[in-house]
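Residues per chain are reported as follows:
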Amino acid sequence: MFAAIKAQHQGVDVCINNAGLGHADHLLSGRTSSWRNMLDVNVLALTICTRETYQSMKERNVDDGHIIHLNSVCGHRVVAFPNLNFYTATKHAVTALTEGLRQELRLAKSHIRATSISPGLVVTDFPFRLFVNEPQKAEDLYNLYTPLAAQDVADAVTYVLSAPPHVQVSCPPRFWT
Ligand SMILES: NC(=O)c1ccc[n+]([C@@H]2O[C@H](COP(=O)([O-])OP(=O)(O)OC[C@H]3O[C@@H](n4cnc5c(N)ncnc54)[C@H](OP(=O)(O)O)[C@@H]3O)[C@@H](O)[C@H]2O)c1
């Protein structure tokens, strides 16, 4: 993918790591394949895309790029919802990876910005993939309270991207050094 972007557009200026998924596999009984899939997509793919993006920016001397991770409220606390415990662990990793990235960029004297956005429940295909073959469970989630719309998350991304260079939307203060 990154080779194709280089051939067609020279490189990457903004990377939004949005791909992510959950499987409803509890810690006490879940399938290893489900946990591996969540690790691959939510953590490893995000990390690989981040590395490739940084290398693309560096080779073109792009110093005002932006890397945005789609995190979750599950990246900051363990909600009482056992279907999401392993997913929650992957999103905690995203929180650490965002702050680690910010620190590495600072050490590299780069002005590329690192941001993670942590929505609560959003109306997407996510719960229907979480509860495969049980669409009513997904529908029930959306009846708990008024969820966010995808547009709300897109608006947050637009704000983050359009903020002036001295504004970096980043991780919670407890991760700052
Ligand atoms: N929905 C929520 O309530 C909620 C709340 C907080 C955070 N989030 C986060 O928001 C992000 C977007 O999720 P969503 O809610 O929009 O869910 P979604 O509608 O299920 O979309 C998930 C996206 O991830 C992609 N994806 C999944 N597995 C992939 C793989 N192996 N390789 C490449 N792409 C893959 C999907 O691509 P395909 O369609 O091509 O499969 C799709 O574009 C995720 O990181 C999720 O954790 C969602």
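The structure under discussion appears in the preceding block.
Quick look at the structure, then. Just so it is clear, the structure is predicted and the values come from calculations on it, not from any experiment.

### As for the sheet that holds strand 3 (residues 113–117)
The 3 strands lie next to each other as 1-2-3, forming an open sheet whose pairing is parallel. The open sheet has two edge strands, strand 1 (14–17) and strand 3, and neither has a second partner. Neighbour-to-neighbour, the strand axes of the sheet open up by a mean angle of 15°, direction not taken into account.

### Brief notes about helix 5 (residues 135–142)
Within the sequence span of helix 5, burial applies to A138, L141 and Y142. Buried positions in helix 5, seen along its axis, are confined to an arc of 100° and lie on one side of it.

### Re the site of the ligand
Taken together, 17 residues are adjacent to the ligand, and N18, Y87, G120, V122 and T124 come closest. A distance of 3.3 Å separates an oxygen atom of the ligand from a polar atom in the backbone of G20. Y87 places a side-chain nitrogen or oxygen 2.6 Å from an oxygen atom of the ligand. Burial of the ligand by the surrounding chains reaches 65%, relative to a free accessible area of 890 Å². When contributions to the shell around the ligand are tallied by element, the ones reaching two or more residues are helix 3 (85–107) and helix 4 (126–130). Across the shell around the ligand, the residue classes break down as 8 nonpolar, 6 polar and 3 charged.

### Quick notes on the packing of helix 2 (residues 32–59) against helix 3
The contact between helix 2 and helix 3 brings their axes to 9 Å, and the two run at 15°. It follows from the interaxial angle that helix 2 and helix 3 lie roughly parallel. In terms of crossing hand, the pair formed by helix 2 and helix 3 is right-handed. Where helix 2 approaches helix 3, its residues W35, M38, L39, N42, V43, L46, T47, T50 and Y54 are matched on the opposing element by F86, Y87, T90, A93, V94, L97, L101 and L105. For the contact of helix 2 with helix 3, the residue count by class is 13 nonpolar, 4 polar and no charged.

About the criteria used
Residues numbered from 1 in each chain as written. Predicted model: local features only at pLDDT ≥ 70, side-chain atom pairs only at ≥ 80, totals over all residues. Heavy atoms only, no water. Pairing = 2+ DSSP bridges. Helix = DSSP H or I, 4+ residues; strand = E, 2+ residues; numbered from the N terminus. Axes fitted to C-alpha atoms, helices over the stretch in contact; angles between N-to-C directions. Buried < 20%, exposed > 50% of the residue type's maximum accessible area, 1.4 Å probe, protein only. Arc of directions from axis to C-beta. Near = heavy atom within 4 Å. Polar contact = N/O pair within 3.5 Å; in protein donor to acceptor, adjacent residues only side chain to side chain. Areas by Shrake-Rupley, 256 points an atom, 1.4 Å probe, with all protein chains shown as cover. Nonpolar A, V, L, I, M, F, W, Y, C, P; charged D, E, K, R; others polar. Parallel < 35°, antiparallel > 145°, perpendicular 65-115°, else oblique. Left-handed = near helix turned anticlockwise from the far one by under 90°. Contact = heavy atoms within 4.5 Å.

Read these as spatial facts, not as claims about activity.
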